[in-house]
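# Reading the structure
These are the residues of each chain, in order.
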Amino acid sequence: MSRSAHPAGPRHADVLPEGHYSAPPADLNTLDPKVWAQTVTRDENGVLTVGGITATQLAEEHGTPAYILDEADFRARARAWRTAFGADADVFYAGKAFLSRAVVRWLHEEGLNLDVCSGGELATALSAGMPADRIAFHGNNKSKDEIRRAIEAGVGRIVLDSFQEIVRVAHIAQELGKRQRVQIRITVGVEAHTHEFIATAHEDQKFGIPLAGGQAAEAVRRALQLDSLELIGIHSHIGSQIFDMSGFEVAAHRVVGLLKDIRDEHGVELPEIDLGGGLGIAYTSDDDPREPHEIAKALTEIVTRECEAAKLRTPRISVEPGRAIVGPTAFTLYEVGTIKPLDGLRTYVSVDGGMSDNIRTALYDAEYSVVLASRTSDAEPMLARVVGKHCESGDIVVKDAFLPADLAPGDLIAVPATGAYCRSMASNYNHVLRPPVVAVRDGESRVIVRRETEEDLLRLDVG
C-alpha cells in the first residue's frame, strides 16, 4: 500500500493502524443484505428505511438511541427455521438472546418453542401466553423457587445441569406429585467458535456434566432410578457464533455413543437429542452464515448417520437458535454528538449510547458494521471508531469502520445485527437509561419495550 495514498482519506495517517487491514467499501452508502434486516433499504432521498419507515421518522418519534426491530424479518426467520426442521424436530428459540412479551407472542404464532434460563424469562413467557409444555428450562444453578415454579407451570422439559440438580428437581417434582420430563446436559469435549473447533480438553466449564470419566453415564443412571423424573434425552451445546458444522459432527458422534451405552446398559433408547444453538450470523460483510435449511440438512444427516452406525433409532432432534433468528432483525439507531479527529490515527465518533446498550464489543471484542442513516454522502471515507458517552476508555461500539468524512453532529448512524444480546445485556452504567425496542412493520412502528425514565431509575433507589 502506498504511504501517500491512504484509503481512509487525508484526515488519517498515511498507513492504517496496526491490526486493521480492510480497505473501505467502494460505496459507503451500500447496505449489505447479509448484515441488515430484510426490509431495510434507502428511500429516494437516501435515508435508511425499515418496514417502510425512515430512520429520521423513527428518531423523531422514539428518540435515540433505540433498538429498531423488523417484525416481518423476525417472523420470516422464525418460519424459516420451523420449515427447515419440519414436523419431526423441535425448534426452541433461545430467549436469552432477546425476550419480550411481543416476541413470545410472535414465536407462539409462528409455531416455535421457547428456551428460558431464569425465573424472569419464564415469567415473561407465561405472561405472554406461551404454552408451558412448549417451554424448556435451562440454567446451571436454578433456584428451588425457579424449579418449583417451572414444574407447577408444567414446562415441557427441564435441562439438568449437575448431580445436585438431578436430586433437587426430583425432590420438588415428588413433593408436587408430578413426573417431570428432563434432559441431561453433557459436555462432550468439543468447543466450537466461529470457524474453529477443538475436540479435546473443554470439560473445564461451568455448564453440563462431563462425558469424560463416566460422569455423564452416572448422571443417566441416577436419573433413570428416580420415579419423579422422566428422562427423555441428552442435551449438548458446543459454542457460539458457529459457521462450521465440523464441531457438531464430533459432538453428535460422542452423544450418540452415550445413547448407545445407555441402551446397552439399561435397555432404554432415549427418544430425544438436543444439539443446542450457537449458529452464527453476519455482523460484517466478511461473515458467511449458513441458511437454516442447510443447517437442518447437515444436522439431520449427521445424527442419522451416527445412529445408523450405532444401530439406534434416530431420536427426535431439537435445536435452539436465538441469535440466528433475532440478531439480524434489529439495528441500533444513534445520533452523532462529538467528532474528534486524531491525526495519524483515526476519527472518534461519539454517539448518545455506548457500552450500556451494547456491551459485546467491550466484553468479547465483537465486530460490527455501521452506516450513515439520515442521508447518503459522496464524501471520501474516513477511518472511524464509534464510541459511547460513558466514562470508560473501553466504551467502544464499532472498533474500526469507515464513515463519510463529512459526518457531522446531529447525523444519525445505524449499527446492524444488534437484535441479539444487546438489549438483553444492557445496563444502567453511569445511570444511563436503557433504550426502547421499537418494532416496525408495514409502515407502522410501536414500542414493545419502552425507554427507561429517570423515574424508573430512582424507583429502585430506596434511599
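Read on for a plain summary of the structure. (Residues numbered from 1 in each chain as written. Predicted model: local features only at pLDDT ≥ 70, side-chain atom pairs only at ≥ 80, totals over all residues. Heavy atoms only, no water.)

### Topic: the overall build of the chain
Looking only at helices and strands, one finds twelve helices and 24 strands in the chain. Relative to its length of 463 residues, the chain is compact, with a C-alpha radius of gyration of 24 Å against a globular reference of 23 Å. Expressed as lengths along the three principal axes of its C-alpha atoms, the size of the chain is roughly 70 × 55 × 40 Å. Considering only intrachain contacts with a sequence separation of at least 6, the fraction spanning at least 24 residues in the chain is 70%. On the chain, roughly 19800 Å² of surface is accessible, and the fraction owed to carbon and sulfur atoms is 48%. (Helix = DSSP H or I, 4+ residues; strand = E, 2+ residues; numbered from the N terminus. Rg over C-alpha atoms; globule rule 2.2 N^0.38 Å. Contact = heavy atoms within 4.5 Å. Areas by Shrake-Rupley, 256 points an atom, 1.4 Å probe, with all protein chains shown as cover.)

### Details of the environment of Ala66
Considering the arrangement of structural elements, one finds Ala66 in strand β4 (residues 66-70). Distance in space between the C-alpha atoms of Ala66 and Ala330 is 10.0 Å, their sequence separation being 264 residues. The contacts of Ala66, once residues within four sequence positions are left out, are Phe331, Thr332, Leu333, Pro435, Pro436 and Arg451.

### Looking at the sheet that holds strand β3 (residues 53-54)
Here we have three strands laid out as an open sheet, ordered β1-β2-β3, and antiparallel in their pairing. Each end of this open sheet is capped by a strand with a single partner; those strands are β1 (41-42) and β3. (Pairing = 2+ DSSP bridges.)

### Some words on the packing of helix α4 (residues 119-127) against helix α5 (residues 144-153)
Any two packed helices are characterised by the angle at which their axes cross and by the distance between the axes. At a minimum axis distance of 10 Å, the contact between α4 and α5 shows a crossing angle of 25°. Taken together, the axes of α4 and α5 are roughly parallel relative to one another. Regarding α4 and α5, the two cross each other, and that crossing is left-handed. Facing Gly119, Leu122, Ala123 and Leu126 of α4, the residues of α5 in contact are Glu146, Arg149, Ala150 and Ala153. Per-class residue counts for the contact of α4 with α5 are five nonpolar, one polar and two charged. (Axes fitted to C-alpha atoms, helices over the stretch in contact; angles between N-to-C directions. Parallel < 35°, antiparallel > 145°, perpendicular 65-115°, else oblique. Left-handed = near helix turned anticlockwise from the far one by under 90°. Nonpolar A, V, L, I, M, F, W, Y, C, P; charged D, E, K, R; others polar.)

### Some remarks on the packing of helix α2 (residues 71-85) against helix α9 (residues 292-310)
Relative to each other, α2 and α9 sit at 30°, their axes nearing to 8 Å. Looking at the two axes, α2 sits roughly parallel to α9. The way α2 lies across α9 gives a crossing that is right-handed. On α9, the residues touching Ala80, Trp81, Ala84 and Phe85 of α2 are Pro292, His293, Ile295, Ala296 and Leu299. Counted by class, the contact of α2 with α9 contains eight nonpolar, one polar and no charged residues.

### Thoughts on the nonpolar core
Ranked by internal contacts, the top residues of the largest apolar core, which has 112 residues, are Tyr93, Ile184 and Ile234. In this structure, Ile53, Ala66, Val371 and Ala373 belong to the second largest nonpolar core, which totals 23 residues. (Core = buried A, V, L, I, M, F, W, Y, C linked by side-chain atoms within 4.5 Å. Buried < 20%, exposed > 50% of the residue type's maximum accessible area, 1.4 Å probe, protein only.)

### Examining the pattern of salt bridges
Summed over all chains, the structure comprises 30 salt bridges. Put simply, Glu218 and Arg221 hold a salt bridge, and the shortest N to O gap is 2.9 Å. Taken as a pair, Glu218 and Arg221 lie in helix α7 (residues 215-224) at a separation of three residues, close to a single helical turn. (Salt bridge = Lys/Arg side-chain N within 4 Å of Asp/Glu carboxyl O.)

### Looking at the pairing of strand β21 (residues 396-404)
Counting buried positions along β21 gives seven out of nine residues, so the element sits mostly inside the fold. Sheet analysis places strand β20 (residues 381-387) next to β21, joined by six bridges and oriented antiparallel. Residue pairing for β21: Leu383 is matched across the bridge by Phe402.

### Describing the packing of aromatic side chains
Tallying each qualifying case throughout the model produces five aromatic pairs. The structure contains a cluster of three or more aromatic residues connected by ring pairs, namely Phe74, Tyr93 and Trp106. (Phe/Tyr/Trp six-rings, centres within 6.5 Å; stacked < 30°, edge-to-face > 60°.)

### As for unusual backbone geometry
Here Thr64 and Pro65 are connected by a cis peptide whose omega angle stands at -5°. Within the element layout of this structure, Pro65 appears in the loop between α1 (55-62) and β4. Residue Asp365 is not a glycine yet carries a positive backbone phi of 60°. Its location among the elements puts Asp365 in the loop between α11 (360-364) and β19 (371-372). Under the relative-accessibility criterion, Asp365 is labelled partly exposed at 48%.

### Examining the pairing of strand β18 (residues 346-351)
Where strand β17 (residues 330-342) meets β18, five bridges bridge the pair, whose relative direction is antiparallel. Paired with Leu342 across the bridge in β18 is Arg346. Of the pairings in the sheet, the one linking β18 to β20 comprises four bridges and is parallel in character. Bridge pairing links Ser350 to Val387 in β20.

### Remarks on the side chain of Arg346
Along the chain, Arg346 falls in strand β18. Relative accessible area serves as the criterion here: at 9%, Arg346 is assigned to the buried category. A polar atom in the side chain of Arg346 sits 3.4 Å from the side chain of Asp400. (Polar contact = N/O pair within 3.5 Å; in protein donor to acceptor, adjacent residues only side chain to side chain.)

### Side note on helix α6 (residues 163-175)
End to end, α6 covers 19 Å across 13 residues, agreeing with the expected 18 Å (1.5 Å per residue, within 8%). On its buried face, α6 sits against α5, β8 (157-160), β9 (180-187), α7 and β13 (229-236). Phi turns positive, to about 70°, at Gly177, one or two residues after α6. (Expected span 1.5 Å × (residues − 1).)

### What about the side chain of Arg323?
Tracing the backbone shows Arg323 in helix α10 (residues 323-326). The charged side chain of Arg323 is buried without a salt bridge, its nearest counter-charge being Asp287 at 9.1 Å. Leaving out residues up to four positions away in the same chain, Arg323 has contacts with Ala97, Ser240, Gln241, Leu279, Ile281, Tyr283, Pro328, Arg360, Ala420 and Tyr421. (Lys, Arg positive; Asp, Glu negative; His and termini not counted.)

### Concerning the environment of Asp395
For Asp395, the position within the fold is in the loop between β20 and β21. In this structure the C-alpha to C-alpha distance between Asp395 and Ser350, which are 45 residues apart in sequence, comes to 9.9 Å. Discounting residues that sit within four places of it in the chain, Asp395 has contacts with Gly354, Met355, Val387, Gly388, Lys389 and His390.

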